[in-house]
Amino acid sequence: MKRNLDNEAISLQVFSRCQVDMSELIDIHCHLYQVNKQSLDISSYQTNPNIIAVSTALNQVEINWHLEQKIKYWFAGLHPQEWSLTEDKIKEFLDNLPYEKLVGIGEIGLDKRYKNLKKQINLLAKQMQISLERRLPSLYHLVGHEYEFIKVHKEMKLDKMKILHGFHSSFEVYKELDKLGFYFSLSERILSNSKHKTTINEIIKSRRYFLESDAADGGSLMQVKIIANQLESTYNINKEEIMQVSIINFRKLVKETSESISEIKFNN
């Protein structure tokens, strides 16, 4: 009985982090370390009661910074740009991740702009395996190589939340990823091109979506407000519904994370 009570207490402690108001916007993907490094103001999201920023750390320096700054919500993982890392370096990175501080593994994925697809797939698969073993959500970067990416996911069969950040591929690719249960983060990338209207409408109907700024690369941390306004004006969806859907999905994300922490603690 004590084991079950402790398990529940840990789960509730972590899940309490996501008790947020339905009037808040979630920025599911930004890089607070890079925002800070460029001397931009990271306090803007902390002092603004209507935006919750979920950050991403891509290397050990960024991980250390997130720990030092006590960032509340963040992913960590090796981006496909790190395809040339040795097996030992990959293992060292994954062995030392502060899993109990993370909401998931990411951003990981494939990118046609980098070399060696075989090594990129190897790096992706290793991190997906960690997500599977630790039962953690995962966040993905995808530029080209879409069907190789889909094949890996069909083989791995992850059952925790999978988020495709900055999605802007074809409707055919969207349909394949939708079958696999992906969530999609909407950004300026997809909204800026009218050819994606059908895809955006389907994503909105599915209610499996978030918004993202991708700051610093994608601009200001306040970009999610602009995106919400664009969706409201172009896609006949009010901001209240956008906020509600994002918060419900965010609560699911953090709940899955809390459950994985409880399971890992008591299985060791």
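Here is a short report on the structure shown in this document.

Criteria and cut-off values
- Residues numbered from 1 in each chain as written.
- Predicted model: local features only at pLDDT ≥ 70, side-chain atom pairs only at ≥ 80, totals over all residues.
- Heavy atoms only, no water.
- Helix = DSSP H or I, 4+ residues; strand = E, 2+ residues; numbered from the N terminus.
- Buried < 20%, exposed > 50% of the residue type's maximum accessible area, 1.4 Å probe, protein only.
- Polar contact = N/O pair within 3.5 Å; in protein donor to acceptor, adjacent residues only side chain to side chain.
- Arc of directions from axis to C-beta.
- Contact = heavy atoms within 4.5 Å.
- Pairing = 2+ DSSP bridges.
- Salt bridge = Lys/Arg side-chain N within 4 Å of Asp/Glu carboxyl O.
- Core = buried A, V, L, I, M, F, W, Y, C linked by side-chain atoms within 4.5 Å.

**Concerning the side chain of S213**
Along the chain, S213 falls in the loop between β8 (209–211) and α11 (223–235). Classification of S213 by relative accessible area gives buried; the value is 3%. A distance of 2.6 Å separates the side chain of S213 from the side chain of D27, its partner in a polar contact. Reaching out from S213, the side chain makes a polar contact with the backbone nitrogen of A215 at a distance of 3.1 Å.

**Points about helix α5 (residues 87–95)**
Looking at α5, one finds that the buried residues are I90, F93 and L94. Buried residues in α5, looked at end-on, bunch into an arc of 95 degrees, giving them a common side. Turned more than 90 degrees away from the buried face of α5, the exposed residues are D88 and K91. Those residues of α5 that are buried are in contact with α4 (60–68) and α6 (117–134).

**Considering the pairing of strand β7 (residues 183–186)**
Here β7 shows a buried face lined by Y183 and S185 and a second buried face lined by F184 and L186. Note that strand β6 (residues 162–164) and β7 share two bridges and pair parallel. Paired with I163 across the two strands is Y183, which belongs to β7. Here β7 runs beside β8; their pairing, made up of three bridges, is parallel. For L186, the partnering residue across the bridge sits in β8 and is L211.

**What about the pattern of salt bridges?**
Per the counting criterion, the structure on display carries 15 salt bridges. Across the pair D214 and R189 runs a salt bridge, and its minimum N-O distance is 2.7 Å. On the criterion of sequence distance, the pair formed by D214 in the loop between β8 and α11 and R189 in helix α9 (residues 188–191) is long-range, its members being 25 residues apart. The exposure class of D214 is buried, given its relative accessible area of 5%. By relative accessible area, which is 36% here, R189 ends up partly exposed. A salt bridge links K255 to E259, with the nearest nitrogen and oxygen atoms 2.5 Å apart.

**Re the nonpolar core**
Of all hydrophobic cores here, the largest spans 62 residues; its most connected members are Y140, F149, L164, F167, L177, L211 and L231. Of all the elements, α11 adds the most residues to this core, at five residues. Beyond its immediate stretch of four places on either side in the chain, Y140 contacts I108, L124, M128, F149, H153, L158, K162, I163, L164, H165 and F182. Within the second largest apolar cluster, 16 residues are counted, among which are V54, V103, F210 and F250.

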